Amino acid sequence: MSSVTRFYYDPFAEFDRLFDDAFSARFLPSSAATDTSSDRQALVRPRMDLYENKDTNTVTAAFELPGLKSEDVSIEVHQNRLVVSGEFNTTESREESGYAVRERRQGKFSRTLQLPSGVKHEDVRAKMENGLLTVTFPKDSPEQKPRHITVS
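Criteria and cut-off values
Residues numbered from 1 in each chain as written. Predicted model: local features only at pLDDT ≥ 70, side-chain atom pairs only at ≥ 80, totals over all residues. Heavy atoms only, no water. Pairing = 2+ DSSP bridges. Helix = DSSP H or I, 4+ residues; strand = E, 2+ residues; numbered from the N terminus. Axes fitted to C-alpha atoms, helices over the stretch in contact; angles between N-to-C directions. Salt bridge = Lys/Arg side-chain N within 4 Å of Asp/Glu carboxyl O. Buried < 20%, exposed > 50% of the residue type's maximum accessible area, 1.4 Å probe, protein only. Core = buried A, V, L, I, M, F, W, Y, C linked by side-chain atoms within 4.5 Å. Contact = heavy atoms within 4.5 Å.

**Observations regarding the sheet that holds strand 6 (residues 125-129)**
For sheets, the rule is that strands pair by backbone hydrogen bonds, running either parallel or antiparallel. Taken together, four strands build an open sheet; the order of strands is 1-2-7-6 and the sheet is antiparallel. Looking at which strands have only one partner, the edges of the open sheet turn out to be strand 1 (48-53) and strand 6. Neighbour-to-neighbour, the strand axes of the sheet open up by a mean angle of 15°, direction not taken into account. The pairing of strand 2 (residues 58-64) with strand 7 (residues 132-138) spans seven bridges and is antiparallel.

Structure representation (structure tokens):
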């Protein structure tokens, strides 16, 4: 009998890891940058898409978080940074052709976005639907828009 294993390869995941390692070595204490504990291996990096809507002057960040509910995700705004974090801990079991299939996904994640200056936390909107977290915030605040000054 043969077994077929499905395997998804993301070529950009390795680039993300390399950049994260390079920048964490520069900005974190040396003990944190060289930590190779099992916590590091459990770090998950959910996919994120950014969209800009020029008509409504908003930016939308969409995070793929399959299997999570809104109570499993934390969104914070601190010093013009939007931090989306949470933890996966899902197990799926099923029977296929006489084989028991068990898939587990666990680990913590955190993504940080720089917000435009002047964005208040009340202006940030979030919605979770079918494992897709959508966070919308204004691109420019009214104070940031250029104003024309006439010369007399």
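**Topic: the pattern of salt bridges**
With the rule as written, the count across this model stands at four salt bridges. Measuring nitrogen to oxygen at the nearest pair gives 2.7 Å for the salt bridge that ties Lys139 to Glu52. Placement of Lys139 in the segment after strand 7 and of Glu52 in strand 1 is noted, with a sequence separation of 87 residues between them. Residue classification places Lys139 among the partly exposed positions, given a relative accessible area of 29%. The exposure class assigned to Glu52 is partly exposed, which follows from its relative accessible area of 44%.

**Points about the nonpolar core**
The biggest cluster of nonpolar side chains holds 18 residues, and the ones touching the most others in it are Phe63, Leu65, Leu82, Val84, Phe109 and Leu133. Once residues within four sequence positions are removed from consideration, Val84 is found in contact with Phe63, Val73, Ser74, Ile75, Phe109, Ser110, Arg111 and Leu133.

**Looking at the pairing of strand 4 (residues 81-96)**
In the sheet, strand 3 (residues 73-78) pairs with strand 4 via six bridges, with the strands oriented antiparallel. What sits directly across from Val73, in strand 4, is Gly86. Counting the residues that bridge the hairpin from strand 3 to strand 4 gives two residues, and of these Gln79 lies at a positive phi of roughly 50°. Linkage of strand 4 to strand 5 (residues 99-114), two consecutive antiparallel strands, is achieved through a turn of two residues, within which Ser97 is found at a positive phi near 50°.

Shape descriptors only; they carry no functional weight alone.
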